[in-house]
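# Examining the three-dimensional arrangement
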Amino acid sequence: MAFDTPTARRTLAIVGGGFSGSLLALKLVALRPDWRVVLIDPSSRPGRGLAYGACAPSHLLNVPVARMEAGLSPAYGDWLAGRAEMVEALAESGGEMSAAFSPRELWGQYLQQQVAAARVTDNGAGLTVLRGEAVRLLDAPRRGLVLSDGREVEADTVVLATGNLPPRPPLPADSWLQDAACFAADPWAHDALTVIDPDAPVLLLGTGLTMVDIALKLAEEGHRGPMLAVSRRGLLPGAHRYGGHWEPFLAPMLPASPLTLSKAIRAEVRRAEAAGQPWQRVIDAVRPVIARIWSTWTPKQKRQFLRHQRPRWDVHRHRMAPRIAGRIEALMADGQLSVRAARSRDWTPAGDGVAVTLHPRGGGPAETLTVARVINCTGPRSDLQGLEVPLYADLARKGLIAPDDLGLGLETADCAVLGPRGEVSTWLHALGPLTRPAWWEITAVPEITAQVDGLAHRLAEDAVVGPSLEEAFVDLGAGI
Ligand SMILES: Cc1cc2nc3c(=O)[nH]c(=O)nc-3n(C[C@H](O)[C@H](O)[C@H](O)COP(=O)(O)OP(=O)(O)OC[C@H]3O[C@@H](n4cnc5c(N)ncnc54)[C@H](O)[C@@H]3O)c2cc1C
């Protein structure tokens, strides 16, 4: 069944109606009211995506309101004004809306409303939302997408905005645990946290922001049993801190290697702390030049960074809202949550649960414990190599994409998708976390907003080359 487009001058199809795809759709219908923009997402609540779809009331954004502004109308801060759910957040930020950390659920509602308000119901120009999963491209010479139910969407331009992939289980592929009922491979699946005895011990694999979300959700849903979070280094995300300022200090002398970067940051943190400024502001001052630094490193240096510096970078860069940090501290102080640096090995069935041996980092005696549920909190998967997702398998078969060697996503140049020999597509683009190989930090709303703005303008102007990556990021970083 072909999807009819009688009046629009041009059709653009976006795969994925999370924040990245929805924002692009909203910006394009504003810039090109004569175009038809088709947003494809399986959810009944387009706009939210994974991050703002599966959240519990306790989950807060980890970016303050001012940095979440994406150039939409009404502004997020104005939309939030007067909402009862903001009372606690405003009390914490001293009444400053711009500095407050809002519930994630509210941001999800805001995005969903934005998409709903922009929708058109006829077949002409404007935004059309299709509920479905894109599984392959139309065969040449036609261009567009086929959905899993057989519907076809013809389009001049296709944008991939499929975002955060379910996490990769940190287990050998043939491990019996992969299929065991006591293992939750995807913590965001609707049944991941159901049927857990509230007094039973639970093992959380990972100690980052996903673990924080899941520990809070379990506690909120009445879990009383011990929760043990384990990762190789046992690093917890840092907490946001209000106030202070630190000037950008890296540009124009960009660090030549990951080691130079971490030395420069550590030296600057010492200087900032001596001047009474929190380390958080130093990390914020690095943020505007991260994409530029990343683009100057060799593949070997990037690999070094991912192996040695990434864990520390992640916990300093991706932080918890102060209230979330307080709740996690309270769970740890009560002894309900503990965090360990260890490797988990020798998984064996134990009743309905599993026995596992933890080998502490840096040596010390191994410990075997039995838990009722193991929850994979290692965070979204990024590598597409070997991933059995129909759309990407089709794109790979057709020689249109090149998953990168570092396992971060798809190779792109200013969002244009690159083929295996580096050929730049003129009609296939990608956005958001998928484009990490070129941008590295392209996970959070401020960076994605800058990326979307650049792509929307380039597409709207039919320009093959638009503002470069460096220009897009030049004014980011103030605040958080
Ligand atoms: C739990 C969590 C919390 C976060 N919190 C914050 C925060 O507080 N602040 C912040 O700045 N950033 C946060 N982030 C970062 C987040 O990555 C970005 O903010 C942003 O939401 C990414 O949006 P996205 O649209 O690229 O990806 P996603 O939100 O993952 O959306 C992708 C969408 O594409 C759909 N899709 C996938 N494949 C197909 C297909 N074949 N056909 C059709 N649809 C498809 C998916 O169903 C999904 O709806 C968070 C991330 C996570 C995972």
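Residues numbered from 1 in each chain as written. Predicted model: local features only at pLDDT ≥ 70, side-chain atom pairs only at ≥ 80, totals over all residues. Heavy atoms only, no water.

The next point concerns the packing of helix α6 (residues 209-220) against helix α11 (residues 322-333). The relative placement of two packed helices is expressed as an angle between their axes plus a distance between the axes. For the pair α6 and α11, interaxial distance at closest approach is 11 Å and the crossing angle is 65°. In this view, α6 runs roughly perpendicular relative to α11, as classed from their interaxial angle. Considering how the two elements wind past one another, α6 and α11 form a crossing that is left-handed. Each of Val-212, Ala-215, Leu-216 and Ala-219 in α6 lies in contact with α11, whose residues at this interface are Ile-324, Arg-327, Ile-328 and Leu-331. Along the lines of polarity and charge, the residues of the contact of α6 with α11 split into 7 nonpolar, no polar and 1 charged. (Axes fitted to C-alpha atoms, helices over the stretch in contact; angles between N-to-C directions. Helix = DSSP H or I, 4+ residues; strand = E, 2+ residues; numbered from the N terminus. Parallel < 35°, antiparallel > 145°, perpendicular 65-115°, else oblique. Left-handed = near helix turned anticlockwise from the far one by under 90°. Contact = heavy atoms within 4.5 Å. Nonpolar A, V, L, I, M, F, W, Y, C, P; charged D, E, K, R; others polar.)

Moving on, we come to the domain arrangement of the chain. Under the domain assignment used here, the chain contains domain 1 (11-165 + 382-473), domain 2 (176-238 + 320-376) and domain 3 (258-317). Distance between the C-alpha centres of domain 1 and domain 2: 31 Å. Contacts between the two partners involve 14 residues from domain 1 and, on the opposite side, 11 residues from domain 2. In this structure, the connection of domain 1 to domain 2 is made through 3 salt bridges. The closest approach of N and O atoms between Arg-323 and Glu-92, which form a salt bridge, is 3.1 Å. Taken together, domain 1 and domain 2 are joined by 6 residue pairs in polar contact (both at pLDDT 80 or more). The element contributing the most residues to the side of domain 1 that touches domain 2 is helix α4 (residues 87-92), with 3 residues. Within the side of domain 1 that touches domain 2, the residues separate by chemical class into 8 nonpolar, 3 polar and 3 charged. (Domains from an automatic or database assignment. Salt bridge = Lys/Arg side-chain N within 4 Å of Asp/Glu carboxyl O. Polar contact = N/O pair within 3.5 Å; in protein donor to acceptor, adjacent residues only side chain to side chain.)

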